Amino acid sequence: MTDMSAPANPPFRPSMLIYDRRYRSMTFQVIVFILVMALAWWLVNNTIRNLAALGKDFNFGFLWQRAGYDIPQTPIPYTSDDTHFRAAVVGLLNTLIVSILGCIAATFVGIIAGVARLSNNWLIARLMTVYVEAFRNVPLLLWILIVFAVFTEIMPPPNAFRGDDPAASMILFDHVALTNRYTAIPTLAMTNDPGSLDLGARITFNWATIAFVLVLIGGWFVRRMIGAWAQRVQDQTGSRPTTWWMSLAVMTVPSLLLIWFFGLHFEAPELRGFNFAGGLNVQNGLVALWLALTLYTGAFIAEIVRAGILAVSRGQSEAAFALGLRPGRTMNLVILPQALRVIIPPLISQYLNLMKNSSLAIAVGYMDIKGTLGGTTLNQTGRELESIVLMMGVYLVLSLIISAGMNVFNSRVKLKER
């Protein structure tokens, strides 16, 4: 017989924190949280005591002191008379430049190599296998040094391009010059320069750049409006109107008009005296770092792409072949879109690795955030703790931004369930 007089919820007793499953997990979480906070407090207190014993404090005032050192590759105006903060900003921009360029190039290399590894052509498949295994199993730092040595020891000096019959010649339609000091590439120039918007602190934005950005953003919104209109028409009539030409016109025509209005064109480098002028001279450290990061990360992405393709059922390709699709269109229209669901999650990790591996730039003299804030600034000011904390924060924020952006993209391509 059940005792109906017994209370449904027995009164709380301290022993229930351990023996009752309703409270046990929360008890352990509170204990772990207290221990972690105690450890953090001990570390902070111990650090403050040690700094006080050395006659130091914890502040970031050194960021506004004169830097006193030069940076070879500067995307924004910078001199040695600027502050350590501006030097850190230059280093951060250099990190972003090599990371963005590396992620884009490594993606293309990885996709091509991953698909080629599955090719029916024996030679192509084996060559891609050699590439993947060679780059995956050799440390990245060695590849960076090897590529940099190729540029500095094998490439000709700038004066080798002089004369009617020069010892060296430019590549890519005589628009790129590979030298042992830098790589001269074309740069964008405008016939009708509208000037720049001065925001102070020598931060300027060209009005043409602002116009292009506004046109692209406006075209993106108009394209979404066109898509929504087409969807409404399809819902009402059952027939979707042709909109590809509208979307193409909205995204390209305004930009083409701006290109014509501003007279935008490429200005090729020309040898004037002992150096190239008229284009953009890119430091070989940046080129070597970008190329090594691209090939190294591309090898890992190739394996991710290959695994994603193999994860798609063979029946999908057989069905596409039965419908008359050729292997190339089958790969582009059937296999790769489905493989993206498998490829994207590990691809995020490779993008993060590439961004963090860019900290090896100091090996070839490319001044990224590690070379400026974590290198020269740290050595000059003696603020090692503050510099390391700032670098950790920068890399953490960049990693979270990459993860968030790629997770948004992953949510768009993942399989939608009802």
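Conventions and cut-offs
Residues numbered from 1 in each chain as written. Predicted model: local features only at pLDDT ≥ 70, side-chain atom pairs only at ≥ 80, totals over all residues. Heavy atoms only, no water. Helix = DSSP H or I, 4+ residues; strand = E, 2+ residues; numbered from the N terminus. Rg over C-alpha atoms; globule rule 2.2 N^0.38 Å. Contact = heavy atoms within 4.5 Å. Areas by Shrake-Rupley, 256 points an atom, 1.4 Å probe, with all protein chains shown as cover. Lys, Arg positive; Asp, Glu negative; His and termini not counted. Charge placed at Lys NZ, Arg CZ, Asp CG, Glu CD. Buried < 20%, exposed > 50% of the residue type's maximum accessible area, 1.4 Å probe, protein only. Phe/Tyr/Trp six-rings, centres within 6.5 Å; stacked < 30°, edge-to-face > 60°. Patch = residues over 30% accessible without salt bridge, like charges linked within 9 Å, V, L, I, M, F, W, Y side chains within 5 Å. Salt bridge = Lys/Arg side-chain N within 4 Å of Asp/Glu carboxyl O. UniProt positions renumbered as here; feature names shortened; annotations may be inferred. Core = buried A, V, L, I, M, F, W, Y, C linked by side-chain atoms within 4.5 Å. Axes fitted to C-alpha atoms, helices over the stretch in contact; angles between N-to-C directions. Parallel < 35°, antiparallel > 145°, perpendicular 65-115°, else oblique. Nonpolar A, V, L, I, M, F, W, Y, C, P; charged D, E, K, R; others polar. Pairing = 2+ DSSP bridges.

### Some points on the overall build of the chain
What the chain contains, in helices and strands, is 12 helices and nine strands. Computed over its C-alpha atoms, the radius of gyration of the chain comes to 29 Å, more than 25% above the 22 Å expected for a compact globule of 418 residues. With the principal axes as the frame, the chain shows a C-alpha extent of 110 × 75 × 50 Å. Partitioning the intrachain contacts of the chain with sequence separation of at least 6 by distance along the chain shows that 64% fall at a separation of at least 24. For the chain, the exposed surface amounts to about 26,000 Å²; the carbon and sulfur share of it is 66%. Each charge class in the chain was averaged separately, 31 positive and 22 negative side chains, and the resulting centres sit 13 Å apart.

### Structural notes on the environment of Met406
Here Met406 is to be found in helix 12 (residues 384-413). Judged by its relative accessible area of 15%, Met406 falls in the buried class. Through-space distance from the C-alpha of Met406 to that of Ile348 is 6.4 Å; in sequence the pair is 58 residues apart. Among all residues touching Met406, those that are not within four sequence positions of it are Ile344, Leu347, Ile348 and Tyr351.

### Some words on the packing of aromatic side chains
In total, this model carries nine aromatic pairs according to the counting rule given. A ring pair is formed by Phe58 and Phe60, whose centres lie 5.3 Å apart and whose planes are at 80°; its orientation type is edge-to-face. For Phe58, a relative accessible area of 43% puts it in the partly exposed group. Measuring from ring centre to ring centre gives 5.2 Å for Tyr131 and Phe135, while their planes differ by 55°; the resulting arrangement is tilted. With a gap of four residues between them, Tyr131 and Phe135 both fall in helix 4 (residues 122-136), about one helical turn apart. Just as Tyr131 is buried, Phe135 falls in that class too. Each residue in the set Tyr131, Phe135 and Trp143 is aromatic and connected to the rest through ring pairs, giving one cluster.

### Section: a nonpolar patch on the surface
Taken together, Phe12, Leu17, Ile18, Tyr19, Phe28, Ile31 and Leu35 make up a surface patch of nonpolar side chains, about 730 Å² in accessible area. For the nonpolar patch, the elements supplying multiple residues, two or more each, are helix 1 (16-19) and helix 2 (21-53). When you line up the elements, Phe12 lands in the segment before helix 1. A relative accessible area of 48% places Phe12 in the partly exposed class.

### Considering the UniProt feature "transmembrane region" (unreviewed entry) in the chain
Here the UniProt-annotated "transmembrane region" (unreviewed entry) positions come out as residues 26-44, 87-116, 137-155, 203-222, 243-266, 286-312, 333-352 and 388-409. Along residues 388-409 the backbone is 100% helical and 0% strand, and the end-to-end C-alpha distance reaches 32 Å.

### Focus on the pattern of salt bridges
Within this structure, the stated rule accounts for nine salt bridges. Among the salt bridges present, the one from Lys56 reaches Glu384, with a minimum N-O distance of 3.1 Å. On the criterion of sequence distance, the pair formed by Lys56 in the loop between helix 2 and helix 3 (84-117) and Glu384 in helix 12 is long-range, its members being 328 residues apart. Residue classification places Lys56 among the partly exposed residues on the basis of a relative accessible area of 33%. Where salt bridges share partners, they join Arg117, Arg136, Glu303 and Arg306 into one cluster.

### Digging into the nonpolar core
If you look at the biggest cluster of nonpolar residues, it comprises 45 residues, and the most contacted ones within it are Leu289, Ile309, Leu347 and Tyr366. Contributions of two or more residues to this core are made by helix 3, helix 4, helix 5 (140-154), helix 8 (284-311), helix 10 (327-357) and helix 12. For Leu347, the residues in contact, after removing those within four places along its chain, are Ile301, Ile304 and Met406. If you look at the next biggest cluster of nonpolar residues, it comprises nine residues, including Ala88, Ile369, Met391 and Tyr395.

### Considerations on the packing of helix 3 against helix 11 (residues 369-381)
Packing of helix 3 against helix 11 brings their axes to within 7 Å, and their N-to-C directions diverge by 155°. When the interaxial angle is binned, helix 3 and helix 11 end up roughly antiparallel. Contacts between helix 3 and helix 11 pair His84, Ala87, Ala88, Gly91, Leu92 and Thr95 from the former with Ile369, Thr372, Leu373, Thr377, Gln380 and Thr381 from the latter. Among the residues making up the contact of helix 3 with helix 11, the classes are represented as five nonpolar, seven polar and no charged.

### Considerations on the sheet that holds strand 2 (residues 182-185)
Two orientations exist for strands paired in a sheet by backbone hydrogen bonds: parallel and antiparallel. The three strands are arranged 1-2-9 in an open sheet whose pairing can be described as antiparallel. Across the chains shown, the open sheet's two edge strands, defined by having one partner strand only, are strand 1 (177-178) and strand 9 (280-283). Of the strand pairs in this sheet, strand 1 and strand 2 are connected by two bridges, and their pairing is antiparallel. Bridging across to strand 2, Ala177 finds its partner in Ala184. Strands in contact with helix 8 are strand 2 and strand 9; relative to strand 9, the strand with the most contacts, it is inclined by about 65°.

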